[in-house]
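# Secondary and tertiary structure notes
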Amino acid sequence: MAEHLEMTTGSVLDILIYVFDRYMLVEAPAVPRREHLARDLERAGFAPAKVERALDWLTDLAFGQERGSPAETEAHADGVRVFSDGELMRLSTECRGLLLTLERGRVLTVQQREIVIERMLALDADEPDTEQLKWVVLMVLSSQPGCELAVERLGGLMLEAPVNAPH
């Protein structure tokens, strides 16, 4: 009963992690249609409203990759990312530092960083933290072809990085 209650009150990120773990970690993912996936998630105990938000999040992730050409975005790779007031309020210093580390470590491109920021803010978490950020980065990278090396680098950086080190 406690497990069912925990699932029902799970966050959008919990649902995304569940989908990622269940469907995306296989060699050739066969993700069911939206209606079937929603039904599966609701059967697993997730609240219908949160399931819809999670599925919208995934849809936006898929379409977010189509915005802006990599050449346009990479042309600004040497620039400095200035966070808006809203982003500063929502993304902690630790999250912004981790993003910078991932970009400098060539785990994230400039375009991927922007997708990660957008997807983090779309989670509507009260206080997004670096653990949530790591999951979002993993989902963004895993959703893009040819990012296997970046996923490996992400794993290496996560193992090397001290948990509360200043950036």
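Our subject is the structure listed above.
Worth saying up front: this structure is predicted, and the values here are computed from it rather than measured.

Counted at 1.5 Å a residue, the expected span for helix α2 (residues 12-24) with its 13 residues is 18 Å, and the 17 Å between its end C-alpha atoms agrees. Taken as a whole, α2 has its buried residues at Val12, Leu13, Ile15, Leu16, Ile17, Val19, Phe20 and Tyr23.

Next up on the list: the side chain of Glu87. Secondary-structure assignment places Glu87 in helix α6 (residues 85-90). By relative accessible area, which is 12% here, Glu87 ends up buried. Polar side-chain contacts of Glu87 include one of 2.9 Å to the backbone nitrogen of Ser84. With sequence-adjacent residues up to four places away left out, Glu87 is seen in contact with Arg81, Val82, Ile117 and Leu121.

Below, the discussion takes up helix α7 (residues 93-104). An ideal rise of 1.5 Å per residue puts 16 Å on 12 residues; α7 measures up with 16 Å between its terminal C-alpha atoms. Within α7, the full set of buried residues consists of Cys95, Arg96, Gly97, Leu98, Leu99, Leu102 and Glu103.

Okay, the packing of helix α8 (residues 110-122) against helix α9 (residues 130-142) next. For the pair α8 and α9, interaxial distance at closest approach is 9 Å and the crossing angle is 125°. Between α8 and α9, the angle is such that the two are oblique. The crossing of α8 and α9 is right-handed. Counting all contacts with α8, which are made through Gln112, Ile115, Val116, Arg119 and Met120, the residues of α9 involved are Gln132, Leu133, Val136, Val137, Val140 and Leu141. Here the residues of the contact of α8 with α9 sort into eight nonpolar, two polar and one charged.

What counts, and at which threshold
- Residues numbered from 1 in each chain as written.
- Predicted model: local features only at pLDDT ≥ 70, side-chain atom pairs only at ≥ 80, totals over all residues.
- Heavy atoms only, no water.
- Helix = DSSP H or I, 4+ residues; strand = E, 2+ residues; numbered from the N terminus.
- Expected span 1.5 Å × (residues − 1).
- Buried < 20%, exposed > 50% of the residue type's maximum accessible area, 1.4 Å probe, protein only.
- Polar contact = N/O pair within 3.5 Å; in protein donor to acceptor, adjacent residues only side chain to side chain.
- Contact = heavy atoms within 4.5 Å.
- Axes fitted to C-alpha atoms, helices over the stretch in contact; angles between N-to-C directions.
- Parallel < 35°, antiparallel > 145°, perpendicular 65-115°, else oblique.
- Left-handed = near helix turned anticlockwise from the far one by under 90°.
- Nonpolar A, V, L, I, M, F, W, Y, C, P; charged D, E, K, R; others polar.

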